[in-house]
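Structural features, examined
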Amino acid sequence: AAAVLWLAGAALVAGADAALADCAARALSSEPSVVEGSSKGGALPGLQCIGFAEDRRCCEELPVHKVKAFLQYAVNHDKEHLASFDVVLAGAEQALAAASVSDECSDVAEAMLRPRLEVVPMLAQRALESLESVEHLVLSSLCSYCFPEGEGESLRITKHDGPAARQLSSFAVTAQATHRMLREADLATLALEGEAKRCVPQYLVDLQSGSVVGGGASGDADAFQASVEAVARLRRWPLDRRRLSASFRAEAAEHFEEDFFEFAERLLAALVGPAARIAHQIQLLSLAVGGRDHRASGHSVARLLWGVASSSEASPSGLAEDVSTLHASAAAPQAPAGARGGAADDDGDAGSRFGMVVLISNQTELDIVHELLSRLQGPRTLILEDVCGDALEALGSGCHGGGPQQSRCLAPAHAAWIARQGSGVRVAWRRHGSTRSIGHTAWAFAASFWGEGCSVWLADFRPEKACPGVQPLADVLGGGVVPGARLQLVKEPARLLGLPKEAVFARVSGEDEQADAGAASTFADQSFATRLAEYIDFHHRGVAALASDPDADVPVLVYSCQPYAQCGGQGDRLNGIVTAFLLAILTRRVFLIDSESPLPLQMLLVPRLVDWRVRGGLPATALLRQHHYHDKRRQFEADLGKLASYPDKTLVLTMNYRMLRVLFESSALRPEAPFTS
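Residues numbered from 1 in each chain as written. Predicted model: local features only at pLDDT ≥ 70, side-chain atom pairs only at ≥ 80, totals over all residues. Heavy atoms only, no water.

Moving on: the overall build of the chain. When helices and strands are tallied, the chain shows 23 helices and eleven strands. Here the chain holds 677 residues, and 52% of them are scored as buried. A separation of at least 24 residues holds for 78% of the contacts in the chain among residues at least 6 apart in sequence. (Helix = DSSP H or I, 4+ residues; strand = E, 2+ residues; numbered from the N terminus. Buried < 20%, exposed > 50% of the residue type's maximum accessible area, 1.4 Å probe, protein only. Contact = heavy atoms within 4.5 Å.)

Here it is, written out as structure tokens:
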């Protein structure tokens, strides 16, 4: 016990150096308001910091009270959440009772549900007992932040921190053992033959398909020690960020409570997550074995849970019709709402399907835009406003709801004004260029307006000198970068429209690219295609290694969306998945998706080039390696260096932003990024 306590305490002490939460750290800020009053005297009401010298403190009272209030609210919320599982368990017992009376599949239903019904109360009780440890670790961190031992010294770790970290790690190891037990029970159920096999819903088949993810260590002893280190990491990272820039230090001085909110949220999620996941599985299995979603009901949800083609009783014709309708609508060209063309766009003559896309940007002068609009009219013209700016300006912190960065967030400079002029010219705005080239965007709009077989001329009025690093349009259009597109470049757009020659600053060829040694690197599609092919081979080998040995030394990066967790809507999830996938490529990790909310993603999407499925969900110890960046764009960008060199073989991310350009531009990832000079 003494050795375990020492290990736990040592790991937290090792993680304390980087936190740098003393008064001297704040004095590094260039903001006068931060330096002024950085050291104050007196204890903090309501915060007991046993063993700390409270004659000098480095924090204000209000943020401390916010942390304490947040902890109280979060803990009470999780207690209520854990208690709510009793309703789920009662519903499952009713479903089993109903199945035992008249269903020949009652034995299989019992085998699927009973083990889960037995472990949820145990995990919920262990989680309740561990909530006090979360409160201790957060408040102890707060004491270390507010009462440093001396100028320039690191956070102090009390002797009580070791047992708290030990309890959380012990819970994670126990929950992981429970996870293994349930997986083995499910595999035994899936191995049933004969008539019993038809009693197994497709939900369970998909739930236990894919790669087994370990918790980052082999064996319970290793898992325990690794979990202690993971707790220290969760505690340390939020405080590390303030060392990166003056803006982070300035924000932390007045709003440092958010760092402790983040630490508390991650620990509480790791506690509640295992029981919540199993409770969610119980809900879906209960739906499948009883009530209106029984396999013989023919209900749409039943067809999904049991598999569309699992039984003639399911009568999947209705769902098939829905799928056919979706396929038909997906095949038709779609235009943005309110921008679809009428009869004038397509009169049945293939030769009349043409248009011109005029490219401007937020850096194009207003006088030029006025001149363009005086010469261009009608629905055969689209003015497409591009953006010139970095990723933070395009999609930065606060761009959705205001904030200190709002003034830097890119917005249309001309599109709204053009739309109000009533000239009949179509207008669109491209928010950022992190995902597709301007050629892709122009063709997508053109095809939606004028048909897939249209011919399109591109006139470029984007001032290249005001936006260095823009890839020449001829390079974008060449080499089949935009498959199937019929795009032609107007080489002298100013002359065509009768504008002064100086109105055009954009390059029309890449001949001068080599002369510009300081130009930013540009994305090369062929280079990325090569990198992607290499990664697919790497991924296949990694998945094969995990299939033969779940504890194999295979680094994985998992995008996770757990039941009852904050994942956002479909757009948020897809953005997070895309960002996590590219990060996995750049960090040489096998990319996987753990998404059970509301259904396992593999029930809705079939893996194609890479098998991203996670069998049975993530183990509890992996949850201590989950870093949550939902609506935390700047934090993700600040942590990229740490994510790139993450020490454990399992890394779990949750996020809702598409940040591809940030990944390409990160100095920590630049050696691996698919760029060419």
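Before going further, it helps to examine the sheet that holds strand β5 (residues 487–489). Strand order in the open sheet formed by five strands is β3-β2-β1-β4-β5, and the pairing between neighbours is parallel. Whereas interior strands pair on both sides, the edge strands pair on one side only; in this sheet they are β3 (426–429) and β5. Here the strands of the sheet are splayed against their neighbours by 25° on average, with no regard to which way each runs. Judged from the four bridges that link them, strand β2 (residues 381–386) and β3 form a sheet pairing that is parallel. Paired with L384 across the two strands is A428, which belongs to β3. (Pairing = 2+ DSSP bridges. Axes fitted to C-alpha atoms, helices over the stretch in contact; angles between N-to-C directions.)

So, on to the state of the cysteines. Within this structure, the stated rule accounts for three disulfides. A sulfur-sulfur separation of 2.2 Å characterises the disulfide bridge that pairs C561 with C567. Linking C561 and C567, the disulfide has an S-S dihedral of approximately 115° and is accordingly described as right-handed. Judged by relative accessible area, which is 1%, C561 ranks as buried. Residue C567 is classed as buried on the basis of its relative accessible area, which comes to 3%. (Disulfide = S-S within 2.5 Å.)

Moving on, we come to the packing of aromatic side chains. Per the stated rule, a full pass over the model turns up nine aromatic pairs. Measuring from centroid to centroid gives 5.9 Å for W237 and Y646, while their planes differ by 85°, and the two rings are edge-to-face. Pair noted here: W237 is in helix α8 (residues 220–240) and Y646 is in the loop between α22 (633–644) and β10 (650–655), with a separation of 409 residues, a long-range link. Just as W237 is buried, Y646 falls in that class too. For the ring pair Y629 and F636, a centre distance of 5.3 Å and an interplane angle of 75° mean the geometry is edge-to-face. Accessibility classification places Y629 together with F636 in one group, the buried group. Above the plane of the ring of Y657 lies R633, whose end atom (NZ or CZ) is 3.9 Å from the centre. (Phe/Tyr/Trp six-rings, centres within 6.5 Å; stacked < 30°, edge-to-face > 60°. Lys NZ or Arg CZ within 6 Å of the ring centre and 35° of its normal.)

Time to look at the side chain of R183. Relative to the assigned elements, R183 resides in helix α6 (residues 161–190). Despite its burial, R183 pairs with no opposite charge, the nearest such side chain being E184 at 5.9 Å. Those residues in contact with R183 that lie beyond four places of it in its chain are Q208, V212 and R615. (Lys, Arg positive; Asp, Glu negative; His and termini not counted. Salt bridge = Lys/Arg side-chain N within 4 Å of Asp/Glu carboxyl O.)

Mapped onto the fold, E265 is located in helix α10 (residues 257–289). The spacing of E265 and L234 is 31 residues in sequence and 10.0 Å in space, taken between C-alpha atoms. Leaving out residues up to four positions away in the same chain, E265 has contacts with F70 and K632.

As a further point, take the pattern of salt bridges. Applying the stated criterion across every chain, the model contains 21 salt bridges. One salt bridge connects E93 with R114, and the closest N-O pair in it is separated by 2.8 Å. Here E93, found in helix α4 (residues 61–102), pairs with R114, found in helix α5 (residues 106–146); they are 21 residues apart in sequence, far enough to count as distant. Judged by its relative accessible area of 35%, E93 falls in the partly exposed class. With relative accessibility at 24%, the residue R114 sits in the partly exposed group. Residues R541 and D537 are paired through a salt bridge, measuring 3.1 Å at the closest nitrogen-oxygen approach. Separated by four residues within a single helix, R541 and D537 lie in helix α19 (residues 525–548), roughly one turn from each other. A residue is classified by how much of its surface remains accessible, and R541, at 48% relative accessible area, is partly exposed. Judged by relative accessible area, D537 falls into the partly exposed class, the value being 42%. One salt-bridge network, in which partners are shared between bridges, spans D386, R430, D460 and R462.

This next bit is on the nonpolar core. Counting 128 residues, the largest nonpolar core has I282, L583, F591, F636 and L643 as its most contacted members. For I282, the residues in contact, after removing those within four places along its chain, are V88, L89, A92, L113, R116, L117 and V120. Listed in part, the 21 residues of the second largest apolar core include L384, A442, A447 and L473. (Core = buried A, V, L, I, M, F, W, Y, C linked by side-chain atoms within 4.5 Å.)

Among all positions of helix α13 (residues 366–375), only I368, V369, L372 and L373 are buried. Along α13, the residues classed as buried sweep out an arc of 135° about the axis, all on the same side. Exposed and facing more than 90 degrees away from the buried side of α13 are D367 and S374. Elements in contact with the buried residues of α13: β1 (354–361), β2 and α15 (415–420). (Arc of directions from axis to C-beta.)

When pLDDT is averaged along the chain, the result is 76, and 72% of the positions lie at 70 or above. At the level of individual helices and strands, the chain shows its lowest average pLDDT in strand β6 (residues 522–523), which scores 31, and its highest in strand β8 (residues 590–595), which scores 95. The low-confidence segment residues 1–22 (pLDDT under 50) makes 47 contacts with residues lying over four places distant or belonging to another chain. With pLDDT under 50 throughout, residues 506–526 is counted as low confidence; its partners more than four residues away or in other chains account for 36 contacts. (pLDDT = per-residue confidence, 0-100.)

This part takes up the pairing of β2. The buried count for β2 comes to six of six residues, which makes it a mostly enclosed element. In this structure, β1 lies alongside β2, joined through six bridges in parallel fashion. Bridge pairing in β2 links V358 to I383. Tracing the backbone out of β1, into α13 and back to the parallel element β2 gives a crossover that is right-handed. (Right-handed = clockwise from strand over helix to strand, strands pointing away.)

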